[in-house]
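Per-entry structural report
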Amino acid sequence: MATTPPQPPPTTPGPPPAGPPPTPGGAPPKRGGTNVFLITTIVLAVVAVILLVFGIFSFVGKSSADDDKDKAQKELTSTKKELDKTKAELGTSRGAGELLGDLVRTGAKSADDLKACTDSGRALQNQAIEVLNAAQAGTDVNPRIDGLNAAINQNENLCNSSRQSYQDFVDALNELQSK
């Protein structure tokens, strides 16, 4: 018996086979290239937006820090000017205070010296009255004349000192008025 070799199945004209058979559950087959490109594009867009937002915040933050630094520098300069002005006023006040202090001291010394002159003048007057009363009564006034002369000398010294103190006070007052 003669055997004939097997023949290929007859070909029928029609569409080519549609690929692998459908998967259970009806999901369409995935094509890897399109999904990877789409995911990569989305990730890159999100990263670009994040970098853009970060850049804006960084710039705004830096600008704000520079503004704060400038403001602080201006306040420091203003405070230094105020401090210098206060120092100058304090120096002027200190000078005026010293002048007023001198005026008060010279005024107090002048008043004390004037009172000493006045008290001495009153004591001299009383001694002169005693000498006159003794002379009128006919008593020897020679022993009292020496005391009267001593009182006159003391009164003259105290009143000269009072005059000098008064002049010192007037000079201090004039110095204060001229400044």
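What counts, and where the lines are drawn
- Numbers given to residues run from 1 along each chain, matching the order in which its sequence is written.
- Only residues with pLDDT of 70 or above have their local features reported here, since the model is predicted, and side-chain atom pairs are shown and tallied only from 80 upward, although totals for entire chains, interfaces and linings are computed over all residues.
- With hydrogens and water set aside, each side-chain value is computed from the structure's full complement of heavy atoms.
- Under the DSSP-based scheme used, a helix requires at least four consecutive residues in state H or I and a strand at least two consecutive residues in state E, with every element numbered from the N terminus.
- Note on exposure labels: buried denotes an accessible area under 20% of the residue type's maximum, exposed denotes more than 50%, and partly exposed covers the range between, all computed with a 1.4 Å probe on protein chains only.
- The contact rule is simple, with two residues in contact once any of their heavy atoms fall within 4.5 Å.
- All accessible-area figures derive from a Shrake-Rupley calculation using a 1.4 Å probe, and residue coverage is judged against the displayed protein chains alone.
- Here, a salt bridge means any Lys or Arg side-chain nitrogen found within 4 Å of an Asp or Glu carboxyl oxygen.
- Buried residues of nine kinds, namely Ala, Val, Leu, Ile, Met, Phe, Trp, Tyr and Cys, make up a nonpolar core once their side-chain atoms join them within 4.5 Å.
- Cysteine sulfur atoms are paired as a disulfide whenever they come within 2.5 Å of each other.
- Counted as a polar contact is a pair of N or O atoms within 3.5 Å, where, for protein atoms, one must be capable of donating a hydrogen and the other of accepting one, and residues adjacent in sequence contribute only when both atoms are in side chains.
- Patch definition: residues above 30% relative accessible area lacking any salt bridge, with like charges linked at up to 9 Å and the nonpolar side chains Val, Leu, Ile, Met, Phe, Trp and Tyr linked at up to 5 Å.
- Here, expected helix span is obtained from the residue count minus one, scaled by 1.5 Å.

With respect to the overall build of the protein
Scanning the protein for helices and strands turns up two helices and zero strands. For the protein, the residues scored as buried account for 11% of the 179 residues in total. Contacts in the protein between residues far apart in sequence, at least 24 positions, make up 76% of those at least 6 positions apart. For the protein, the accessible area works out to roughly 15,000 Å², and carbon and sulfur atoms hold 63% of it.

Considerations on the pattern of salt bridges
The final tally for this structure, using the stated rule, is two salt bridges. Its salt-bridge partner being lysine 109, residue aspartate 113 comes within 2.9 Å of it at the nearest N-O pair. A residue pair is termed a helical-turn pair when its members lie 3 or 4 positions apart in one helix, as aspartate 113 and lysine 109 do in helix H1 (residues 32-137) at four residues. By relative accessible area, lysine 109 is classed as partly exposed at 46%. Its salt-bridge partner being aspartate 119, residue lysine 115 comes within 2.9 Å of it at the nearest N-O pair. Here aspartate 119 and lysine 115 lie together in helix H1, a separation of four residues that amounts to about one turn. Residue lysine 115 is classed as exposed on the basis of its relative accessible area, which comes to 51%.

Digging into the environment of glutamine 167
Structurally, the position occupied by glutamine 167 is in helix H2 (residues 142-178). Between the C-alpha atom of glutamine 167 and that of threonine 106, which follows or precedes it by 61 residues, the distance is 9.1 Å.

Points about the nonpolar core
In terms of nonpolar packing, the biggest core is built from six residues, these being Leu124, Val131, Ala134, Val141, Leu148 and Ala151. Those elements giving two or more residues to this core turn out to be H1 and H2. At three residues, the largest contribution of residues to this core is made by H1. With residues near it in sequence (within four places) discarded, alanine 151 still touches Ser120, Leu124 and Gln127.

Regarding the state of the cysteines
By definition, a disulfide is the covalent link that joins the sulfur atoms of two cysteine residues. Enumeration over the complete set of coordinates arrives at one disulfide. Between cysteine 117 and cysteine 159 runs a disulfide, and the two sulfur atoms are separated by 1.7 Å. The chirality of the disulfide connecting cysteine 117 with cysteine 159 is right-handed, given an S-S dihedral of about 85°. Placement of cysteine 117 in helix H1 and of cysteine 159 in helix H2 is noted, with a sequence separation of 42 residues between them.

Some thoughts on the side chain of serine 162
Of note, serine 162 is situated in helix H2. Excluding anything up to four places from it in sequence, serine 162 contacts Ser110, Asp113, Leu114 and Cys117.

Digging into the side chain of asparagine 155
On the secondary structure map, asparagine 155 appears in helix H2. At 3.0 Å, the side chain of asparagine 155 and the side chain of serine 120 are in polar contact. Contacts of asparagine 155, omitting those with residues within four sequence positions, involve Cys117, Ser120, Gly121 and Leu124.

Examining a nonpolar patch on the surface
A contiguous nonpolar patch, built from Leu38, Ile42, Val46 and Ile50 and spanning about 370 Å² of accessible area, is present on the exposed surface. Positionally, isoleucine 42 belongs in helix H1. The class for isoleucine 42 is partly exposed, based on a relative accessible area of 48%.

Focus: H2
Counting along an α-helix, one turn takes 3.6 residues, and residues three or four places apart therefore face a common direction. With 37 residues, H2 ought to run about 54 Å at 1.5 Å a step, and its terminal C-alpha atoms sit 54 Å apart, in line with that. Looking only at H2, the buried set comprises Leu148, Ala151, Asn155, Cys159, Ser162, Ser165 and Ala172.

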